[in-house]
Amino acid sequence: MFVLVDKEQDYSQGKHADPETVAAKHISRIVNDGYTLIRGAVPQDDIDRVMDDYLSWTEKNKALTAQFKKSSGFNSRLVNFHSVSNHAFNLFQNQKLLAVTDGFFNQESAVYTSLFFQEGTEQNIHRDAPYFCTFPEQKFLGVWFALEDATSLNGALNVLPGGQLLALNEYAKRHEILSKHYPLDGQSSRNLFVGSLNRLKSFVQQLRKVERLPEGAGWSRQIGFVEPTLWDDYQAWVLEDCLSKGLKVRHIEAKKGDIIIWHPMLPHGGSKIVQKGNTRYSMVMHVTPVGTQVHGSYLFFAPHSPFTPRPMAYTQSTELMHRSMFTSGCSFMKDE
């Protein structure tokens, strides 16, 4: 698999640059390339305060932290650290960042959830969309903060630029994957595919505009929020589809203080860690417009089926905290 090292033009610099023009260039890159890179956006002191909070939190929660140690000796990813660390949440208040995220959505953006990493993920190439299926679709951005340098040695971000553009007509493939594992009650797989595909065609063009989705047939068993089998089949197809069309994996090295923002349908992952035992502190925030419903596999793979709306509750404790969905606190997610 051929890998390019990112040396793209940096739009974040320039003392006299018009902020709106700079933001527009970043938004254009997200739309056309699938991601953008804001160099040196976060002051070093702000990052150091986040790191102090993380070390303090893990020290206060020694027993819990010990339960989630990986074989590498590092901690598993920490979910929603921004909910217990004001300094972590304040990373999102960066004005360069908000100009891009608010501009992309054309409305105020907010943090839905976050993940804090002590080392590189080495994740396979994937799209986030099945886990962050907004209603309407694609009201989502991944925002990644480099809390220390991310290199080819300690594991940086891999992306497939342009891969987000291949997702525009993929509803039939999603449905094909779904019907393989979730047959409709009392129907053959052939009738299921043809009948449901016809229903899909009747409303897919309005998917980003409608207030609610049309009623559909019932599935033989409930589709969960997270479905590993559907996820695996879909991500394997995404990678195959992108590579078959000539897209190349690009390796993005980032400096402490850089921000990477990616499109909801951009295929991305983590590069292999060459020098084991090195940290690569980073934090990713999953960002949506304020109040946006976020769903999972049951909507991503079966958008024509009935579903229950999930009104999102956003905090109102301070002037800016409405930019964060209410969460009960943070916890580790088992990585191994």
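Residue positions are counted from 1 within each chain, in the order its sequence is given. Given that the model is predicted, a residue must reach a pLDDT of at least 70 before its local features are reported, and side-chain atom pairs must reach 80 or more before they are shown or counted; all residues, however, enter totals for whole chains, interfaces and linings. To obtain the side-chain values, all non-hydrogen atoms of the structure were used and water was disregarded.

S.K.: Quick question: what am I supposed to make of empty space enclosed by the protein here?
M.R.: Rolled over the atoms, a probe with the dimensions of a water molecule shows which regions are left empty. The method works on a 1 Å grid over the protein atoms by themselves. A cavity is a set of points holding a 1.4 Å probe that cannot get out, a pocket is an open set with protein on both sides within 12 Å along at least five of seven lines, and residues with an atom within 4 Å of a point line them. Grid points are joined across faces, edges and corners, and a volume is the space filled by probe spheres set on the points. A complete count under the given rule lists 1 cavity of 30 Å³ or more for this structure. The calculated volume of the largest cavity comes to roughly 40 Å³. In terms of lining residues, the largest cavity is bounded by A129, F132, C133, T134, E137, Q138, P264, M265 and F300. Looking at the lining of the largest cavity, its residues break down into 6 nonpolar, 2 polar and 1 charged. Three classes are used, and their members are as follows: Ala, Val, Leu, Ile, Met, Phe, Trp, Tyr, Cys and Pro are nonpolar, Asp, Glu, Lys and Arg are charged, and the others, Gly among them, are polar.

S.K.: Explain the environment of L230 to me, please; I cannot follow it from the model alone.
M.R.: Relative to the helices and strands, L230 resides in helix α8 (residues 228-244). Through-space distance from the C-alpha of L230 to that of P130 is 9.0 Å; in sequence the pair is 100 residues apart. Contacts: residue pairs with any heavy atoms within 4.5 Å of one another. Once you skip the residues sitting within four places of it in the chain, L230 turns out to touch I177, L178, H181, Y182, I223 and F301. The helix and strand labels rest on DSSP assignments: H or I over at least four residues marks a helix, E over at least two residues marks a strand, and numbering proceeds from the N terminus.

S.K.: How should I be thinking about the nonpolar core in this particular structure?
M.R.: What tends to happen in soluble globular proteins is that the nonpolar side chains get buried as a cluster. The biggest cluster of nonpolar side chains holds 36 residues, and the ones touching the most others in it are F81, F116, F145, L147, I259 and I261. Elements that contribute at least two residues to this core include exactly α1 (19-32), α2 (44-60), α4 (86-90), α5 (95-105), β4 (109-117), β6 (141-146), β9 (259-262) and β11 (282-289). Considering each element in turn, this core owes the most residues, 5 residues, to α2. F145 has contacts with V42, L91, F92, L97, D258, I259, S282, M283 and M285, leaving out every residue within four places of it along the chain. Within the second largest apolar cluster, 23 residues are counted, among which are C133, L230, F301 and A302. Here, the term nonpolar core denotes a set of buried Ala, Val, Leu, Ile, Met, Phe, Trp, Tyr and Cys residues that are joined through side-chain atoms within 4.5 Å. Burial here depends on accessible area, computed with a 1.4 Å probe over protein chains only, as a share of the maximum for the residue type. Under 20% is buried, over 50% is exposed, and the range in between is partly exposed.

S.K.: When you look at the packing of aromatic side chains in this model, what are you seeing that I'm missing?
M.R.: Each aromatic ring pair is summarised here by two numbers: the centre-to-centre distance and the angle between the ring planes. Put simply, two rings from Phe, Tyr or Trp (the six-membered ring, in Trp's case) pair if the centres are within 6.5 Å, and we call them stacked under 30 degrees between planes, edge-to-face over 60, tilted for the rest. Applying the stated criterion across every chain yields a total of 16 aromatic pairs. An angle of 85° between the planes, with centres 5.9 Å apart, marks the rings of Y234 and F301 as edge-to-face. Separated by 67 residues along the polypeptide, Y234 in helix α8 and F301 in the loop between α9 (297-300) and β13 (331-333) bring together distant segments of the chain. Through a chain of ring-to-ring contacts, three or more aromatic side chains come together here, namely Y54, F81, F116 and Y281. Think of it as a cone above the ring: NZ of Lys or CZ of Arg counts as a charge over the ring if it is within 6 Å of the ring centre and within 35 degrees of the ring normal. The side chain of R29 reaches across the aromatic face of Y35, ending 4.8 Å from its centre.

S.K.: How should the layout of surface pockets be read in this particular structure?
M.R.: Of the voids in this model, the largest pocket is the one considered here, and its volume is about 920 Å³. Along the wall of the largest pocket there are 35 residues; nearest its centre are R77, L115, Q123, D128 and Y131. Among the elements that make up the lining of the largest pocket, the one with the highest residue count is α8 (5 residues). When its residues are assigned to classes, the lining of the largest pocket shows 19 nonpolar, 12 polar and 4 charged. Taken as a whole, the second largest pocket encloses approximately 310 Å³ of empty space. Along the walls of the second largest pocket sit 22 residues, with K70, E119, G120, T121 and D335 positioned nearest its centre. Split into classes, the residues belonging to the lining of the second largest pocket amount to 4 nonpolar, 10 polar and 8 charged.

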